[in-house]
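Understanding the architecture of this molecule
Next come the chains, spelled out residue by residue.
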Amino acid sequence: GFTFCLPFVFLATEGIRHWFFDPSMATMDRNFGDHAGGERMIGVMVGAQFFDVPSSLLIGGDLASPNFIAHHVVVLLLAIFALHYHYAFYYGIYFMGVIELSTPLLAFVDLFRDYPKFAAAFPITNEVVRILFAVAFYAVRVVLWIPVSIDFWTDAIGLVTDNQDRHNMPKFILYFWLVVHLGLTLLQWHWGLMIGKAIVAMVTGDKEARANETKGA
């Protein structure tokens, strides 16, 4: 899990740096604008997924579940399309960068969950990590996800319906992005619901519910 996390630490760091502190983001073309940092991040995502997918299949277990593999293959395709058509570097900085803030924290959550003796040895650290993960998840994958998604859909639908220059990108690529984004949005809400239930179990001390928690993503 921690090996998988290394590129996502980079993506989260770079995503936050560019999204919140890069003044060029305010004026760039959100559809086809060039951004060296964004292009580099999407390239890292391609490499990370090319590593993650076969590694997960080899490791097996939950990592090799159809849903897990499908999720990563879809993200890989999105990243490849983005690089090939120089599309959505702006949104890639958020959706392939900023949202990864929660990923390294999830690795620690899973570590404590998979090794109960370790969690028992460091109970305070376990709870702190879980709280930090929940805060990060809701911040970047629920709350901020919504306005960025509205902008993305507005721009993408404009490319489909207003006969704007699509830079030789076929319409089906845009439809693919929109369908996948809708699916990923529903997935974030599903995970958010699961995390919310875990928070309630933690606050109420429901040990049975916590023991039955399933892994997120």
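Keep in mind that what you see is a predicted model, and the values were worked out from it rather than measured.

Here we take up the side chain of Gln 188. With respect to the helices and strands, Gln 188 occurs in helix α9 (residues 171-204). Relative accessible area serves as the criterion here: at 2%, Gln 188 is assigned to the buried category. Non-local contacts of Gln 188, meaning those with residues more than four positions away in its chain, are made with Phe 137, Arg 141 and Trp 145.

Turning to the pattern of salt bridges, a few remarks are in order. Following the criterion strictly, the structure yields 6 salt bridges and no others. With a closest N to O distance of 2.8 Å, Arg 30 and Asp 155 form a salt bridge. Of this pair, Arg 30 sits in the loop between α1 (2-21) and α2 (36-59) while Asp 155 sits in helix α8 (residues 145-161), placing them 125 residues apart in sequence. Taking relative accessible area as the criterion, Asp 155 reaches 13% and is therefore assigned buried.

Per-residue pLDDT for the chain averages 90, and the proportion of residues at 70 or more is 93%. Model confidence for the chain, summarised as mean pLDDT per element, is weakest for helix α10 (residues 207-211) at 62 and strongest for helix α4 (residues 89-95) at 98.

On to helix α5 (residues 102-114), then. Side chains that are three or four residues apart share a direction in an α-helix, a result of its 3.6 residues per turn. Compared with the 18 Å implied by 1.5 Å per residue over 13 residues, the 18 Å span of α5 between its first and last C-alpha is a close match. Taken together, the buried positions of α5 are Ser 102, Thr 103, Pro 104, Leu 106, Ala 107, Val 109, Asp 110 and Phe 112.

The next thing to look at is a nonpolar patch on the surface. Taken together, the side chains of Phe 20, Phe 21, Val 143 and Leu 144 make up a nonpolar region of the molecular surface, amounting to roughly 410 Å² of accessible area. Within the secondary structure, Leu 144 is located in the loop between α7 (123-143) and α8. Classification of Leu 144 by relative accessible area gives partly exposed; the value is 32%.

What follows is about the packing of aromatic side chains. Applying the stated criterion across every chain yields a total of 16 aromatic pairs. Ring plane angle 75 degrees and centroid distance 5.4 Å describe the contact between Tyr 91 and Phe 152, whose orientation is recorded as edge-to-face. Taken as a pair, Tyr 91 in helix α4 and Phe 152 in helix α8 lie far apart in primary sequence, 61 residues in all. Between Tyr 94 and Phe 95, the aromatic rings sit 5.3 Å apart at their centres with planes inclined by 90 degrees, giving edge-to-face as the arrangement.

This paragraph deals with α9. For α9, with 34 residues, the first-to-last C-alpha span of 50 Å sits near the 50 Å given by 1.5 Å per residue. Immediately beyond the C-terminal end of α9, within one or two residues, lies Gly 205, with a positive phi of roughly 75 degrees.

Quick look at the nonpolar core now. Ranked by size, the top nonpolar core spans 42 residues in total, and within it Trp 19, Tyr 87, Tyr 94, Phe 152 and Trp 177 carry the most contacts. Taken together, the elements giving at least two residues each to this core come down to α1, α2, α3 (66-85), α4, α8 and α9. When near neighbours in sequence (up to four residues on either side) are disregarded, Tyr 87 contacts Asn 31, Phe 32, Ala 82, Phe 152, Ala 156, Leu 159, Met 169, Leu 174 and Trp 177. Of all hydrophobic cores here, the second largest spans 11 residues; its members include Val 109, Phe 112, Ala 134 and Ile 195.

Criteria and thresholds
Residues numbered from 1 in each chain as written. Predicted model: local features only at pLDDT ≥ 70, side-chain atom pairs only at ≥ 80, totals over all residues. Heavy atoms only, no water. Helix = DSSP H or I, 4+ residues; strand = E, 2+ residues; numbered from the N terminus. Buried < 20%, exposed > 50% of the residue type's maximum accessible area, 1.4 Å probe, protein only. Contact = heavy atoms within 4.5 Å. Salt bridge = Lys/Arg side-chain N within 4 Å of Asp/Glu carboxyl O. pLDDT = per-residue confidence, 0-100. Expected span 1.5 Å × (residues − 1). Patch = residues over 30% accessible without salt bridge, like charges linked within 9 Å, V, L, I, M, F, W, Y side chains within 5 Å. Areas by Shrake-Rupley, 256 points an atom, 1.4 Å probe, with all protein chains shown as cover. Phe/Tyr/Trp six-rings, centres within 6.5 Å; stacked < 30°, edge-to-face > 60°. Core = buried A, V, L, I, M, F, W, Y, C linked by side-chain atoms within 4.5 Å.

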